[in-house]
Amino acid sequence: MQATQAALLTAPHNIGLVERQLECGDDEVIVKNHLMGICGSDKSFYRGQLPPKTAEFRQEPKFPFYLGHESGGEVVETGRKVREFKPGDKVMAFGWNNNFAAYFKAKVFELEPVPEGLDMDIASLGEPVACAMFSGLNCGVQLGDTVAVMGGGFAGQIIAQCAKKKGAARVIVIDVLDGKLQLARKLGADTAINAAAVDPVAAVRELTGGIGADVVVEAAGSEQSINTATAIVKHNGIFVWYSWITRPVTLDISRWHDDGIEFRNTCLVHHTYKERQVWTPQALRPVVRGLIDVKSLITDEFSLADIDKAFAFVDQDDAAVKVVLRP
Ligand SMILES: [Zn+2]
């Protein structure tokens, strides 16, 4: 039995810590958190936009909701049937287990071991980093390509870096916030386009001699972003899905037919944990080797005790890339 403070979202814009007792089941593991990340999906929850129930959740997506899924830390207790982990092991969370807490409890299959040599701050963001890296590694970029990344958030920034390192001649990041675009330039993007200031379709057309981008990765998660991505990908180009969009959207998809667009789904919720055990070490290998700058994406830090302030901040400041909490 482990007592912990844990985040409970009781209603939109109403989050606080409650006392919980975690009882370690036979096939479960209790982890002491090192650091937690606030995901875009957590922000949507906070704003009252609950997604449909998915296989990811073991609680109904309704209020009150025990929030949090991005974190990592050290195993402190294991159930009697657990052979995969032992106290002292460093692990990354891959599941919704009320991770905004000093301690959280997970099934064995919801944890991955931290790769040798990976900084614990980054390992605690292992799930969002690995997901974004998987997308960048599997987006189909070829040496010399122009890759457009819709969205300069945490995932978009990692995907852009990954595409550049994989041989893209030109990486274009498109966002509506100058702070995120400046960060993208600093981290190696060749061109940053503010879609609120200029027409991104015309801008990409001009940059590519009227051809369009070889690969477009949708990591902004809006109707407009999907439609812009559709408009800027070249004939027979690759459209890569990444975002989790939980509301119905209206799409202009005539080009999908006329221009023979290829679609790749790099959204990882579709993969089983057995596949995840294979791809996680591969996706994180370039990060362990220092090829991808993740630290610069941690823009703000709060203590877990100030989780209400952290969420109020995230809600107001769209320029924040990754806001983290420390227990
Ligand atoms: Zn997430």
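Look a little higher up for the structure.
A. Spatial organisation of the packing of aromatic side chains. Evaluation of the coordinates by the stated rule reveals 15 aromatic pairs. Measuring from centroid to centroid gives 5.1 Å for Phe 109 and Tyr 273, while their planes differ by 40°, and the two rings are tilted. Placement of the pair is Phe 109 in the loop between strand 7 (103–107) and strand 8 (111–113) and Tyr 273 in helix 9 (residues 273–288), with a sequence separation of 164 residues. Each member of the aromatic cluster is reached from another via a ring pair, and the members are Phe 239, Trp 241, Trp 256 and Phe 263. Just above the ring of Tyr 66 sits the side chain of Arg 20; from NZ or CZ to the centre is 3.6 Å.

B. Structural context of the nonpolar core. Val 129 and Val 287 are the most contacted members of the largest nonpolar core, which has 50 residues in total. Sort the elements by how many residues they give to this core and helix 4 (residues 154–165) lands first, with seven residues. Each of domain 1 (2–125 + 294–326) and domain 2 (133–269) contributes no fewer than three residues to this core. Setting aside chain neighbours within four positions, we find Val 129 in contact with Phe 154, Ile 158, Leu 284, Val 287 and Val 294. In this structure, Ala 7, Leu 67, Ala 310 and Phe 311 belong to the second largest nonpolar core, which totals 20 residues.

C. Examining the environment of Phe 85 more closely. Within the secondary structure, Phe 85 is located in the loop between strand 5 (70–78) and strand 6 (90–93). Overall, the relative accessible area of 9% leaves Phe 85 in the buried class. Through-space distance from the C-alpha of Phe 85 to that of Leu 111 is 9.3 Å; in sequence the pair is 26 residues apart. When neighbours within four sequence positions are excluded, Phe 85 is seen to be in contact with Val 29, Val 75, Thr 78, Val 91, Val 108, Leu 111, Glu 112 and Pro 113.

D. Region of the structure containing helix 10 (residues 307–316). Among all positions in helix 10, only Ile 307, Ala 310, Phe 311, Val 314 and Asp 315 are buried. Buried residues of helix 10, viewed axially, fall in a sector of 135°; they line one side. Against strand 1 (2–11), strand 2 (14–22), helix 1 (40–46), strand 15 (298–303) and strand 16 (322–326) lie the buried residues of helix 10.

E. Layout of the coordination of the zinc ion. Bound to the zinc ion are the protein donor atoms Cys 39 (SG) and His 69 (NE2), situated 2.1 to 2.4 Å from the metal. Of the two residues, Cys 39 is situated in the loop between strand 3 (28–37) and helix 1 and His 69 in the loop between strand 4 (65–66) and strand 5; the sequence distance between them amounts to 30 residues. Classification of Cys 39 as buried rests on a relative accessible area of 18%. Its relative accessible area of 6% is what places His 69 among the buried residues.

F. Representation of the sheet that holds strand 9 (residues 146–150) within the structure. The parallel open sheet is built from six strands, whose spatial order is 11-10-9-12-13-14. Each end of this open sheet is capped by a strand with a single partner; those strands are strand 11 (191–194) and strand 14 (262–265). Sheet twist, expressed as the average angle between the axes of neighbouring strands with direction ignored, equals 20°. Inspection of the sheet shows strand 9 paired to strand 10 (residues 170–175) by five bridges, in the parallel sense. Residue pairing across strands places Met 150 opposite Ile 174, the latter belonging to strand 10. Lying over the sheet, helix 5 (residues 178–186) contacts strand 10 and strand 11, oriented at roughly 175° with respect to strand 11.

G. Region of the structure containing the pattern of salt bridges. Applying the stated criterion across every chain yields a total of 17 salt bridges. Here Lys 322 makes a salt bridge to Glu 70, at a shortest N to O gap of 2.8 Å. Here Glu 70 lies in strand 5 and Lys 322 lies in strand 16, a separation of 252 residues in the sequence. Exposure remark for Lys 322: the relative accessible area of 3% places this residue in the buried category. A relative accessible area of 1% places Glu 70 in the buried class. The shortest N-O distance in the salt bridge between Asp 119 and Lys 295 comes to 3.1 Å. With a gap of 176 residues between them, Asp 119 in the loop between strand 8 and helix 2 (120–123) and Lys 295 in the loop between helix 9 and strand 15 connect regions that are remote in the sequence.

About the cut-offs
Residues numbered from 1 in each chain as written. Predicted model: local features only at pLDDT ≥ 70, side-chain atom pairs only at ≥ 80, totals over all residues. Heavy atoms only, no water. Phe/Tyr/Trp six-rings, centres within 6.5 Å; stacked < 30°, edge-to-face > 60°. Helix = DSSP H or I, 4+ residues; strand = E, 2+ residues; numbered from the N terminus. Lys NZ or Arg CZ within 6 Å of the ring centre and 35° of its normal. Core = buried A, V, L, I, M, F, W, Y, C linked by side-chain atoms within 4.5 Å. Buried < 20%, exposed > 50% of the residue type's maximum accessible area, 1.4 Å probe, protein only. Domains from an automatic or database assignment. Contact = heavy atoms within 4.5 Å. Arc of directions from axis to C-beta. Donors = N, O, S within 2.8 Å, 3.2 Å for Na, K, Ca; no water. Pairing = 2+ DSSP bridges. Axes fitted to C-alpha atoms, helices over the stretch in contact; angles between N-to-C directions. Salt bridge = Lys/Arg side-chain N within 4 Å of Asp/Glu carboxyl O.

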